[in-house]
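The primary structure of each chain is shown beneath.
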Amino acid sequence: MVGAERKRLVDSPEEALPSRLERACAERGLKMTGQRRVIARVLSESADHPDVEEVYRRAAEIDSAISLATVYRSMRLFEDIGIIQRHDFGDGRARYEEARGDHHHHLIDIESGEVVEFQDAQLEAAVARIARDLGFDLIGQRLEIFGRRTKSKTKGNEPT
Amino acid sequence: MISGEDDESARFAACESAVCGCRPIVERAYRELVGRGRPDRHALEAATVVLRWHHPELPEPEAVLIVERWVAGGVLH
């Protein structure tokens, strides 16, 4: 977050336009207190993957009354409703970012353990149709595909 | 006579042996899924599928225990 932008938040946190995370919270019916709004704003405007302590440090610069416990609770809540994602980059600290708007799935190569992300509009449409045909509103889905790479043809088998 | 416990230990040892080599594959699948934001439990289940492809002889509960042990520290109970 740049200095001028942070100063604007400090000067008039209630007047600024709602951040993406604030709007996502509102869409999910989450009551937004002033402190939750500040935390959501810090996360929305972070270009990196801050851990909880870093989010607390940035939020406290805007509202010094925010406690670390409030930040922990708010981020747990945001994670539970799916608007932020937790990452583990192997340094033992959970780091967070705003959940990506693009919905994607994972294909797992069973021979190497590699995980490949993919999107497919036809798949999304099919899932929504299945839920609708069964009389449900689609709330979420989970799909993992397991496979192994197709063996490439050897030179000797190639057509001439 | 080989007891059931000895038989189980032998299977565990086979999974972890260099000859098999599936452990780093299972660990990679788990690590990459968690790294992409999947919940620990989902990543564990997927890694168990990978292990059972390499070792279809392992019953599911046993495979889960092995994966949990391999990725210990990353799984919340």
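What you see is a predicted model; the values in this text were computed from it and never measured.

Scoring rules and cut-offs
- Residues numbered from 1 in each chain as written.
- Chains lettered and ligands numbered in written order.
- Predicted model: local features only at pLDDT ≥ 70, side-chain atom pairs only at ≥ 80, totals over all residues.
- Heavy atoms only, no water.
- Helix = DSSP H or I, 4+ residues; strand = E, 2+ residues; numbered from the N terminus.
- Buried < 20%, exposed > 50% of the residue type's maximum accessible area, 1.4 Å probe, protein only.
- Contact = heavy atoms within 4.5 Å.
- Patch = residues over 30% accessible without salt bridge, like charges linked within 9 Å, V, L, I, M, F, W, Y side chains within 5 Å.
- Areas by Shrake-Rupley, 256 points an atom, 1.4 Å probe, with all protein chains shown as cover.
- Salt bridge = Lys/Arg side-chain N within 4 Å of Asp/Glu carboxyl O.
- Buried area = accessible area lost by both parts, 1.4 Å probe.
- Polar contact = N/O pair within 3.5 Å; in protein donor to acceptor, adjacent residues only side chain to side chain.
- Nonpolar A, V, L, I, M, F, W, Y, C, P; charged D, E, K, R; others polar.

Student: Please set out the overall build of chain B residue by residue, giving values where relevant.
Tutor: Within chain B, the secondary structure is distributed over 4 helices and 0 strands. For chain B, the succession of helices and strands along the chain, N to C, is α-α-α-α. A burial count over chain B gives 36% of its 77 residues as buried. Within chain B, contacts between residues at least 6 apart in sequence are counted, and of these 56% link residues at least 24 apart.

Student: Tell me what's going on with the environment of glutamate 27 of chain B, and back it up with residues and numbers.
Tutor: With respect to the helices, strands and loops of the structure, glutamate 27 of chain B is situated in helix H2 (residues 23–35). Sequence separation of glutamate 27 of chain B and alanine 43 of chain B is 16 residues, and the distance between their C-alpha atoms is 10.0 Å.

Student: Account for a nonpolar patch on the surface, naming residues and giving values.
Tutor: Residues Ile130, Leu134 and Phe136 of chain A make up a contiguous nonpolar surface patch of roughly 350 Å² in combined accessible area. Along the polypeptide, phenylalanine 136 of chain A turns up in the loop between helix H6 (121–133) and strand S5 (144–147).

Student: Please give an account of the interface of chain A and chain B that cites residues and values.
Tutor: Contact with chain A, which involves 17 residues of that partner, is made by 18 residues of chain B. Roughly 1700 Å² is buried in total at the junction of chain A and chain B, and carbon and sulfur atoms are behind 57% of that figure. For the chain A face of the interface with chain B, the top three residues by lost area are Ile110, Val115 and Arg142 of chain A, together amounting to 32%. Note that arginine 142 of chain A and glutamate 45 of chain B form a salt bridge whose closest N and O atoms lie 2.7 Å from each other. The interface formed by chain A and chain B holds 6 residue pairs in polar contact (both at pLDDT 80 or more) in total. Looking at the side of chain A that touches chain B, the elements with two or more residues in it are strand S1 (84–88), strand S3 (105–109), strand S4 (115–118) and S5 of chain A. Here the side of chain A that touches chain B is composed, by residue class, of 4 nonpolar, 5 polar and 8 charged.

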